[in-house]
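# Fold and geometry: a report
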Amino acid sequence: MFPWLKTWKGKIVAFAATLGGPGLLLISFLDSSILTFPIINDLLLIDLSIQRPARMPLYAFLAALGSVAGCVVLYFIAKKGGEAFFHKKAGTRANTIRAWVEKNGFGGMLVAALLPPPTPFKVFVFAAGVFEIPLLSYTSAIALARCIRYFGVGYLAVRYGNEAMPFIGQHKLGIAIALVAFVAASYAASRLILREGEPQSAQE
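The following refers to the structure shown.

Each value, and the rule that gives it
- Residues numbered from 1 in each chain as written.
- Predicted model: local features only at pLDDT ≥ 70, side-chain atom pairs only at ≥ 80, totals over all residues.
- Heavy atoms only, no water.
- Axes fitted to C-alpha atoms, helices over the stretch in contact; angles between N-to-C directions.
- Helix = DSSP H or I, 4+ residues; strand = E, 2+ residues; numbered from the N terminus.
- Left-handed = near helix turned anticlockwise from the far one by under 90°.
- Contact = heavy atoms within 4.5 Å.
- Nonpolar A, V, L, I, M, F, W, Y, C, P; charged D, E, K, R; others polar.
- Core = buried A, V, L, I, M, F, W, Y, C linked by side-chain atoms within 4.5 Å.
- Buried < 20%, exposed > 50% of the residue type's maximum accessible area, 1.4 Å probe, protein only.
- 1 Å grid on protein atoms, 1.4 Å probe; cavity = no way out; pocket = protein on both sides within 12 Å on 5 of 7 lines; lining within 4 Å.
- Points joined across faces, edges and corners; volume = space filled by probe spheres on them.
- Polar contact = N/O pair within 3.5 Å; in protein donor to acceptor, adjacent residues only side chain to side chain.
- Salt bridge = Lys/Arg side-chain N within 4 Å of Asp/Glu carboxyl O.
- Patch = residues over 30% accessible without salt bridge, like charges linked within 9 Å, V, L, I, M, F, W, Y side chains within 5 Å.
- Areas by Shrake-Rupley, 256 points an atom, 1.4 Å probe, with all protein chains shown as cover.

Attention now moves to the packing of helix H5 (residues 83-90) against helix H7 (residues 121-130). Interaxial distance between H5 and H7 falls to 9 Å at its minimum, and their mutual angle equals 145 degrees. Relative to H7, H5 is oriented so that their crossing is left-handed. Residue-level contacts link Glu 83, Phe 85, Phe 86, Lys 89 and Ala 90 of H5 to Val 123, Phe 126, Ala 127 and Val 130 of H7. Each residue belonging to the contact of H5 with H7 can be placed in one class, and the counts come to 7 nonpolar, no polar and 2 charged.

Counting 29 residues, the largest nonpolar core has Phe 86, Ile 97, Met 109, Phe 121, Phe 124, Tyr 138 and Ile 142 as the members making the most contacts within it. Listing elements by their share of this core, those giving two or more residues are helix H4 (56-81), H5, helix H6 (94-114), H7 and helix H8 (135-160). Judged by nonpolar contacts, the second largest core, of 13 residues, contains Leu 45, Leu 48, Ala 60 and Tyr 150.

What follows deals with the layout of surface pockets. The computed volume of the second largest pocket comes to approximately 220 Å³. For the second largest pocket, the full set of lining residues is Ser 33, Ile 34, Leu 74, Ile 77, Phe 85, Phe 86, Lys 89, Lys 122, Val 123 and Phe 126. Looking at the lining of the second largest pocket, the elements with two or more residues in it are H4, H5 and H7. Classifying every residue of the lining of the second largest pocket gives 7 nonpolar, 1 polar and 2 charged.

So, about the side chain of Ser 49. Within the element layout of this structure, Ser 49 appears in helix H3 (residues 40-51). You can call Ser 49 buried: its relative accessible area is 0%. Of note is the side chain of Ser 49, whose polar atom sits 2.8 Å from the backbone oxygen of Leu 45.

Overall, the coordinates contain 2 salt bridges when judged by the stated rule. Between Arg 98 and Glu 102 there is a salt bridge whose closest N-O contact spans 3.3 Å. Separated by 4 residues within a single helix, Arg 98 and Glu 102 lie in helix H6, roughly one turn from each other. The class for Arg 98 is partly exposed, based on a relative accessible area of 35%.

Here the focus is a nonpolar patch on the surface. A cluster of nonpolar side chains, contributed by Leu 58, Phe 61, Leu 65 and Phe 151, occupies part of the molecular surface with about 350 Å² of accessible area. The element that contributes the greatest number of residues to the nonpolar patch is H4, accounting for 3 residues. Mapping Phe 61 onto the fold places it in helix H4.

Structural data, given as structure tokens:
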């Protein structure tokens, strides 16, 4: 619809690629906030990690930091008046998504952030802002999910080189299932621990 936007996005990507780590931070921030750069941040992370394997943890951290910052910006935009936009984008799924984020909080956002495309993750981000999911819980979930994603991608880049992205593409469903299963088990365990601690706390 907007050829000029596509042109500018291409220029932003080219500029970011020349900056190295700061460019990765920029692309991750924009991708998680006002623009969309499908898998560009993953590709840039892979390229940088292959060139300088020792700096992979730094690159993964910058990608995660930029993404979290972008999601926080989108959260506040939604909180200030994004309900109409949320319902427009979510469509018939609006009530389901609202119930999911309100009921599950941290765990719900964590699972949503780990699911691969075509999961409409930004719709979940808007829902979190519109329905005022606690900011600390929201940010913690996004940060954990992004660290898992980008450190995982960085590890695969260092280990498999240029074959990392095809590997992820071929196994994204299996990777997503494994991550979601891990998150679900961790979430269930934490809820069990908290529930078991309640009687003791009450007695105290």
